[in-house]
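What the coordinates show
Residues per chain, in single letters:
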Amino acid sequence: MRRPLGPFGLHLARILRLALPLGALALLSTVFLLSRGVDPQRAVEMSDIDVEELTREPRVGGARFAGVTQDDTALTISARSVRSTGDLRESGPLLLRLDMPQGELQFPSGRVALFQAQEGRIDQSEDEILLRGDVVLETSDGYRMTMPELISAIQTTHMRGLGGISGDAPAGEISADSVELRHSAQADGGYLLAFKGNVRLIYRPDE
């Protein structure tokens, strides 16, 4: 006879059922931060882990999410750890916190955009991924930019870098108040990159 799931078991089941609205989004791999193959009692004695806190706020290590947006861009996100906010036993949109997130947008044309940050958040109710803390956005066309904050939609390909942008462009150094990356409606299946507000380009031709 199977035992009913306890509170932590329900937390765990909810995380493993996680399905973000990216179309075919799937949880590809998870490794929990709880040590495996050790005596649980000894693990508690030897560590500083607050078991009660872990039960209230379940955490997943080595999480990786992948899927395809409505405009056919492949999106992959991974993080050193993921934790939930709120009671996962309740229904409704999930709010997940990401530690050291990084990801990739791969467009139908083959062009790629990479991003990484110190922390992030996936918010189903707002249909967005929010990244903060030394955010880096890099494209296969030769742009590499840093910014305080980057917001990405989940269902569509649309990213906005805010708080001041600085970095390298193929022709030199570039800075702006904000930057926007979105799917191109043209047949090449690529993206559009637009800098906005006090845009400055220091041209440095190859010597």
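Owing to the predicted nature of the structure, the values given are computational and were not obtained by experimental measurement. By convention here, each chain's residues receive numbers from 1 onward along its written sequence. Per-residue local features are limited, in this predicted model, to residues with pLDDT of at least 70; the limit for side-chain atom pairs, both in listing and counting, is 80 or more; totals at the level of whole chains, interfaces and linings are taken over all residues. Calculated side-chain values reflect all of the structure's heavy atoms, with hydrogen atoms and water omitted.

**Thoughts on the pattern of salt bridges**
The salt bridge definition used is simple: a Lys or Arg side-chain nitrogen within 4 Å of an Asp or Glu carboxyl oxygen. Scanning the model with the defined rule gives six salt bridges in all. Put simply, E180 and K196 hold a salt bridge, and the shortest N to O gap is 2.7 Å. Of this pair, E180 sits in strand β13 (residues 178-183) while K196 sits in strand β14 (residues 191-196), placing them 16 residues apart in sequence. Taking the relative accessible area as the measure of exposure, E180 reaches 15% and is therefore buried. When accessible area is computed with a 1.4 Å probe and restricted to protein chains, residues below 20% of their type maximum are described as buried, those above 50% as exposed, and intermediate ones as partly exposed. With a relative accessible area of 42%, K196 lands in the partly exposed category. Think of it this way: any DSSP run of H or I at least four residues long counts as a helix, any run of E at least two long counts as a strand, and we number them from the N terminus.

**Re the nonpolar core**
To form a nonpolar core, buried Ala, Val, Leu, Ile, Met, Phe, Trp, Tyr and Cys residues must be joined to one another through side-chain atoms within 4.5 Å. Formed by 32 residues in total, the largest nonpolar core has its most connected members in L105, F115 and M147. Every residue pair with non-hydrogen atoms within 4.5 Å of one another is taken to be in contact. Ignoring any residue separated from it by four or fewer positions in sequence, one finds M147 in contact with D134, V135, L137, G161, L162, G164, I165 and V179.

**Things to note about the packing of aromatic side chains**
Pairing of aromatic rings covers Phe, Tyr and Trp, the last through its six-membered ring, and needs centres within 6.5 Å; plane angles under 30 degrees mean stacked, over 60 mean edge-to-face, and all others mean tilted. Across all of its chains, the model carries two aromatic pairs by this definition. Taking 4.9 Å as the distance between ring centres and 45° as the angle between the ring planes, the aromatic pair formed by F107 and Y191 counts as tilted. Pair noted here: F107 is in the loop between β5 (102-106) and β6 (112-116) and Y191 is in strand β14, with a separation of 84 residues, a long-range link. Since its relative accessible area comes to 5%, Y191 is described here as buried. Ring geometry for Y143 versus F195: centroids 5.9 Å apart, planes at 35°, classification tilted. With Y143 in the loop between β8 (128-139) and β9 (144-153) and F195 in strand β14, the pair connects residues that are 52 residues apart, well separated along the chain. Residue class for Y143 comes out partly exposed when judged on its relative accessible area of 23%. Sitting over the face of the ring of Y191, R111 holds its NZ or CZ atom 4.1 Å from the ring centroid. Comment: the charge-over-ring label is applied if NZ (Lys) or CZ (Arg) is within 6 Å of the ring centre and within 35 degrees of the ring normal.

**Topic: the pairing of β6**
By this definition, two strands are paired if DSSP reports at least two bridges between them. Sheet analysis places β5 next to β6, joined by five bridges and oriented antiparallel. Looking at the pairing, Q102 lines up with Q116 of β6. Sheet analysis places β6 next to β8, joined by four bridges and oriented antiparallel. Note on β8: the bridge partner recorded for L114 is E138.

**Structural notes on the confidence of the model for the chain**
Mean pLDDT over the chain stands at 75; residues scoring 70 or higher make up 66%. For the stretch residues 1-5, pLDDT sits under 50, and the model shows two contacts to residues farther than four places along the chain or on other chains. pLDDT under 50 marks residues 7-51. Its contacts with residues more than four places away, or in other chains, come to 77 contacts. Confidence per residue, as judged by the predictor, is encoded in pLDDT with a range of 0 to 100.

**Focus: the side chain of T139**
Checked against the element boundaries, T139 lands in strand β8. A polar atom in the side chain of T139 sits 3.3 Å from the side chain of Y191. Among all residues touching T139, those that are not within four sequence positions of it are V112, A113, L181 and Y191. Any N or O atom pair separated by 3.5 Å or less is treated as a polar contact, with the protein-specific requirement of one donor-capable and one acceptor-capable atom, and with residues adjacent in sequence counted only for side-chain atom pairs.

**Observations concerning unusual backbone geometry**
In this model, D127 sits at a positive phi of 55°, which is unusual for a non-glycine residue. Following the sequence through the fold, D127 ends up in the loop between β7 (119-123) and β8. A positive phi angle, near 50°, is found at N198, a position not held by glycine. Secondary-structure assignment places N198 in the loop between β14 and β15 (200-203).

**Here's the deal with the environment of M100**
When you line up the elements, M100 lands in the loop between β4 (95-99) and β5. Ignoring any residue separated from it by four or fewer positions in sequence, one finds M100 in contact with S78, A79, R80, A117, Q118 and E119.

**Notes on the environment of R144**
Within the secondary structure, R144 sits in strand β9. The exposure class of R144 is partly exposed, given its relative accessible area of 40%. The sequence separation of R144 and S166 amounts to 22 residues, and the corresponding C-alpha distance is 8.5 Å. Sequence-distant contacts of R144, defined by excluding residues within four places in its chain, comprise V136, L137, E138, S166, G167 and D168.

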